[in-house]
Amino acid sequence: MDAWLLSLGWFWATNPYRMLREVDGHPVPAVPGNFQGIADRVMERAREIDPLVGPTPRIQTALVNFYPPGKGMGLHVDADEKSGNAVVSLSFGQDTVFRIEGRDTLLMSGDAVVFGGPARRARHGVLGARSGTSDLLEGRLNITMRQMEER
Ligand SMILES: O=C(O)CCC(=O)C(=O)O
């Protein structure tokens, strides 16, 4: 993975892999208060398109990924959250190709993706951020908003 990561709400630590509420005695920065409202609106729209997206997540953590031009994230499954509620993902800046279960979709600035229902544990990743496709950012910013706990 070639992204710069910022964890909000919970810290996604590695070696060994674990989720933390504080790092070196410092609390992990909180998820901004307006993220829940954004997720609520995205989920309402997603539900109109496909009711199988399932319940709206309670946003307890957000992962902010910054990808320099040309950088992406390999295929993986989001399986560390106890909750099976949807993950809401927002994209800003350069275009990329989003790959999910072998299918490719172009993601552009302002697009939202919801992994919910049968797609919640789908294998996915992004190819390199495409240079020259954004006036907003030299690179790509992605925010995934998630529920950690089961309830
Ligand atoms: O950058 C993206 O659109 C995907 C991010 C992602 O898959 C993740 O944070 O788990």
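Rules of the game
Residues numbered from 1 in each chain as written. Predicted model: local features only at pLDDT ≥ 70, side-chain atom pairs only at ≥ 80, totals over all residues. Pairing = 2+ DSSP bridges. Helix = DSSP H or I, 4+ residues; strand = E, 2+ residues; numbered from the N terminus. Axes fitted to C-alpha atoms, helices over the stretch in contact; angles between N-to-C directions. Near = placed C-beta within 6 Å. Nonpolar A, V, L, I, M, F, W, Y, C, P; charged D, E, K, R; others polar. Contact = placed C-beta atoms within 7 Å. Expected span 1.5 Å × (residues − 1).

Participant: I tried to follow the sheet that holds strand 7 (residues 73-76) on my own but got confused; where do I start?
Facilitator: Think of a sheet as strands paired side by side through backbone hydrogen bonds, with each pair either parallel or antiparallel. Strand order in the open sheet made by the 4 strands is 7-12-9-10, with antiparallel pairing throughout. Looking at the sheet topology across the chains shown, the edges are occupied by strand 7 and strand 10 (103-107). On average, adjacent strands in this sheet sit at an angle of 15 degrees to one another, irrespective of strand direction.

Participant: Is there a simple way to explain the site of the ligand in this structure?
Facilitator: Within the structure, the ligand sits among L63, N65, M73, D78, S89, S91, F98, H124, V126, N142 and T144. Of all the elements in the fold, those that place two or more residues in the shell around the ligand are strand 6 (61-67), strand 8 (87-93), strand 12 (124-126) and strand 13 (140-146). Split into classes, the residues belonging to the shell around the ligand amount to 4 nonpolar, 6 polar and 1 charged.

Participant: Before we go on, may I ask you to explain the environment of V126 in this structure?
Facilitator: Along the chain, V126 falls in strand 12. Between the C-alpha atom of V126 and that of E48, which follows or precedes it by 78 residues, the distance is 25 Å. Apart from the residues lying within four places of it in its own chain, the contact partners of V126 are G72, M73, T96, V97 and F98.

Participant: What exactly am I supposed to notice about helix 1 (residues 35-49) here?
Facilitator: Residues spaced three or four apart along an α-helix point in a common direction, a consequence of the helix completing one turn every 3.6 residues. Between its terminal C-alpha atoms helix 1 stretches 21 Å, which fits the 21 Å expected from 15 residues at 1.5 Å a residue. Of the surrounding elements, those touching the buried residues of helix 1 are strand 6, strand 8, strand 11 (112-115) and strand 13.

Participant: So what exactly am I meant to see when it comes to unusual backbone geometry here?
Facilitator: N15 connects to P16 through a cis peptide bond whose omega is -5 degrees. Within the secondary structure layout, P16 lies in the loop between strand 2 (11-13) and strand 3 (18-20). With phi around 55 degrees, N15 is a residue other than glycine that occupies positive phi space. Following the sequence through the fold, N15 ends up in the loop between strand 2 and strand 3.

Participant: Sorry if this is basic, but what is going on with the sheet that holds strand 6 here?
Facilitator: Strand order in the open sheet formed by 5 strands is 1-6-13-8-11, with antiparallel pairing between adjacent strands. The open sheet terminates on both sides in strands that have one partner only, identified here as strand 1 (4-8) and strand 11. For this sheet, the mean angle separating the axes of adjacent strands, direction not counted, is 15 degrees. As paired strands, strand 6 and strand 13 are joined by 7 bridges and run antiparallel to one another. Counterpart to L63 in the pairing with strand 13 is T144. Packing of helix 1 onto the sheet brings it into contact with strand 6, strand 8, strand 11 and strand 13, and relative to strand 11 it is tilted by some 80 degrees.

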